[in-house]
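In case you want the letters, here they are:
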Amino acid sequence: MGIYINAGNDNLRMALNSEIFVDKSLVLQKLCSLLNSNQRFICVSRPRRFGKTMVRDLMVAYFSKGCDSREMFSDLKIAQAPCFENNLNKFNVIAIDLGALYNAAANRNDVLKNLKTRLFKDFGKEFPNIDFDDQISIAEMIQQAYDETKTQFIIIIDEYDTFIRERQSEVLLEEYRSFLNSIFKNNELSPAIALAYLTGILPVERDKVQSKLNNFRESTILSPFGFEEFFGFTKEETEALCNRYGMNFEECEDWYDGYRIGEADQISVHNPNSVVEAMMRREFGNYWTKTGSYEAVSDYIKLDYDGTKTAVVEMLSGREVPVNVVDFKNKLDEIKTKDHVLTYLIHLGYLNYDTTTKLCRIPNKEIKQEWESAIKDADNFSKIAEMIRNSDNLLYLTQNGIAEEVAAALDKAHTEVSSVLNYNFESSLQAAIILAYYTAKTKYTIIQELPAGYGFADIGFIPLDKKDPAMIIELKYDKNVKAAISQIKDKKYPKAFENYIDNLLLVAVNYDKTTKVHECVIEKYGD
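Report on the accompanying structure. (Residues numbered from 1 in each chain as written. Predicted model: local features only at pLDDT ≥ 70, side-chain atom pairs only at ≥ 80, totals over all residues. Heavy atoms only, no water.)

### Section: unusual backbone geometry
As a reminder of what qualifies: For the purposes of this entry, the term helix denotes a DSSP run of H or I that reaches at least four residues, the term strand denotes a run of E that reaches at least two, and both are numbered from the N terminus. Categorising residues by exposure relies on relative accessible area from a 1.4 Å probe, with only protein chains included: less than 20% of the type maximum marks a residue as buried, more than 50% marks it as exposed, and the intermediate range marks it as partly exposed.
The phi torsion at Arg167 lies on the positive side, around 55°, for a residue other than glycine. In this fold, Arg167 is placed in the loop between helix H9 (162–165) and helix H10 (170–184). Overall, Arg167 belongs to the exposed group, its relative accessible area being 52%. Positive phi, close to 55°, is recorded for Arg282, a residue that is not glycine. Tracing the sequence through the fold places Arg282 in the loop between helix H14 (272–281) and helix H15 (295–301). Assessed through its relative accessible area of 47%, Arg282 is described here as partly exposed.

### Structural notes on the sheet that holds strand E2 (residues 92–97)
Using the following cut-off: Here the rule is simple: two strands pair whenever DSSP picks up at least two bridges between them. Fitted lines through C-alpha atoms serve as axes, helices being fitted only where they are in contact, and the angles separating the N-to-C directions of these axes extend from 0 to 180 degrees.
A sheet is described by the order of its strands in space; here five strands give the open sequence E2-E3-E4-E1-E5, paired in parallel fashion. With partners counted over all chains shown, the strands left at the sheet margins are E2 and strand E5 (217–219), one partner each. Neighbour to neighbour, the strand axes of the sheet diverge by 15° on average, direction disregarded. Of the strand pairs in this sheet, strand E3 (residues 153–158) and strand E4 (residues 193–200) are connected by five bridges, and their pairing is parallel.

### Overview of a negative patch on the surface
Here is the rule: Patch rule: a residue counts if its relative accessible area is over 30% and it has no salt bridge; like charges are joined within 9 Å, and nonpolar side chains (Val, Leu, Ile, Met, Phe, Trp, Tyr) within 5 Å. Reported accessibility uses the Shrake-Rupley method at a 1.4 Å probe radius. Residues are deemed covered only where the shown protein chains occlude them. In the sections that follow, a salt bridge refers to a side-chain nitrogen of Lys or Arg positioned within 4 Å of a carboxyl oxygen of Asp or Glu. Only four residue types enter the charge count, namely Lys and Arg as positive and Asp and Glu as negative; His and the chain termini do not. For charged residues, the charge sits on one atom: NZ in Lys, CZ in Arg, CG in Asp, CD in Glu.
A contiguous patch of negative charge, built from Glu236, Glu239, Glu250, Glu251 and Asp254, is present on the exposed surface. If you list the elements that add at least two residues to the negative patch, you get helix H12 (235–245) and helix H13 (249–256). Top contributing element to the negative patch by residue count: H13, with three residues. Structurally, the position occupied by Glu236 is in helix H12. Of the residues examined, Glu236 reaches a relative accessible area of 58% and is grouped as exposed.

This is the structure in structure tokens:
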């Protein structure tokens, strides 16, 4: 048993010994259906900590000849599948963690050379009766072992996109492409490979690398190709864990749900790492920071391509924004537009994309905190960050009826979050107001276009604690604040706040399109 060849089932054993183990073993049934078919080359891209490595460990333990895993799988779902006996521990498995090799290399240019050296040692141990020439390639070693043993290989490369994400030199990238080409686009070697499984964060590049990997069927967060339930925890799995640990499921969804993938976005996926951390600690919080860095967001929103800032503001205010995900070629050195930035962040897990509406949004509370951290570090968002810091004071001013200062704050907010093109859209002012009252979400449920009376209130603030006043905000432009107050009353908007009628504030905001000056009036309902 080698380090990379037929490594055994120790990793899966440790997972099974963990307090929380969610059985994803039926992914093996899906993979077994692809064995020795034209679809046997699979590339799975998902955000960090979404279960890609767990699937790798299941594959190694199940397929590898280097161990006997029958008892280990006996209580898992795959044991009842028809394919279970047919493929259990029948293959030579090569499992490579390219990310680990990259991080361990003293010289990044030596990563592939180090891989060949280690694989050569493994081949010698695993096939002691075969004389391997140390000058031959990895592909040739696989071919020689297959020719003499007639046992096929399953090849797994975890974090296959490491060189791309780390923006290595074109020389090293081309060497890597040639390595992939020698194994996966080799007609002579093809019969030796029963299955190939690549995982990473980014999908396959759609130009140079595509010529090396265009025979791979891709499963991405945008198009999961039948693998949607195997990466991340489903709603049912997450709810079962919440019941087991006595945690509130609705709160768990607020924190970690928000990823909808699959046909018509039917599968609801939760971040598995964060859910496990929350259950073990008995506390909901932001555990995403332990898997990566908000710099992934900050670095790209700093570029401020046309429309990026406006899109971010819209999403921070709780809205969805359109994005064209087709043009992005999955090449980091060719991110040139707002759509490229947003598509990249979708793949990283910082946004979720609705394939039906073609809109993206910030998926949940955990990720929203990452966005908050990111804009604090982006110079072009410094005034937005300042606005968020001042939002507690704005709420205080509003609750205490200090209308003139509220108007001044909203005037500033509207200017900062709007572009020249969208300034006079009412939706722009609405987004500015939501952002200006950003921290009010800790005290209120904030609903835009709230059905109320005979119409829709622009923004409703429903307090979590009845000590705080409920609020209705109505927006107008080129009119006057009295007209806005009258509309609230005439259309019976307060009827939606019957439980708060004794502590309800009516807030009217009007702005002048020409002068860009805002007015505000605040009344206590009933006075």
